[in-house]
Amino acid sequence: VAVAVVTQCSLLAIQIWALKLHRQRCFALLASGALIGLVYAILAGVPFFVTLNLPTLILLVKITVVLLAVGAALGLWGMIILVRSYGRP
């Protein structure tokens, strides 16, 4: 969990730096995906440190699945836009 949180924080910092430097939509999408990934990593790690009852655990799983899907979609969309921008003169 700690490795995932540190990695997401690092990615978020790099993408925010790139967004400030270049002001491109792809970096905004990548930073948004990394921020959601950070929230996902924190929430997904909660059961390792706190005992939860079954209904709460099921709710947490549902929330993290949505966060994972949205974060992955934003990250992929940002990467597609970034890679396509290299093909334009």
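All of these numbers come straight from a predicted model, not from anything done at the bench.

*Asks:* Would you mind going over the environment of Gln24 with me for this structure?
*Replies:* By secondary structure assignment, the location of Gln24 is in the loop between helix 1 (2-22) and helix 2 (25-49). In sequence terms Gln24 and Ile81 are 57 residues apart; their C-alpha atoms lie 9.4 Å from each other. Excluding its chain neighbours within four sequence positions, the residues that come into contact with Gln24 are Leu19 and Ser85.

*Asks:* Help me understand the nonpolar core in this model?
*Replies:* Here is a general trend for soluble globular proteins: nonpolar side chains tend to be buried in one another's company. Of all hydrophobic cores here, the largest spans 10 residues; its members are Ala18, Cys26, Phe27, Leu29, Leu30, Ile36, Leu67, Leu74, Ile81 and Leu82. The biggest single contributor to this core is helix 2, with 5 residues. Ignoring any residue separated from it by four or fewer positions in sequence, one finds Phe27 in contact with Gln15, Ala18, Leu19, His22 and Leu82.

*Asks:* Looking at this model, I keep getting lost on helix 3 (residues 54-87). Mind explaining?
*Replies:* Think of an α-helix as 3.6 residues a turn; residues three or four steps apart then line up on the same face. Under the 1.5 Å per step criterion, the end-to-end length of helix 3 is 50 Å for 34 residues, consistent within 8% with the ideal 50 Å. Every buried residue belonging to helix 3 is among Leu60, Thr64, Leu67, Gly71, Leu74, Gly75, Gly78, Ile81 and Leu82, and all of these are buried. As for helix 3, its buried residues are in contact with helix 2.

What counts and what doesn't
Residues numbered from 1 in each chain as written. Predicted model: local features only at pLDDT ≥ 70, side-chain atom pairs only at ≥ 80, totals over all residues. Heavy atoms only, no water. Helix = DSSP H or I, 4+ residues; strand = E, 2+ residues; numbered from the N terminus. Contact = heavy atoms within 4.5 Å. Core = buried A, V, L, I, M, F, W, Y, C linked by side-chain atoms within 4.5 Å. Buried < 20%, exposed > 50% of the residue type's maximum accessible area, 1.4 Å probe, protein only. Expected span 1.5 Å × (residues − 1).

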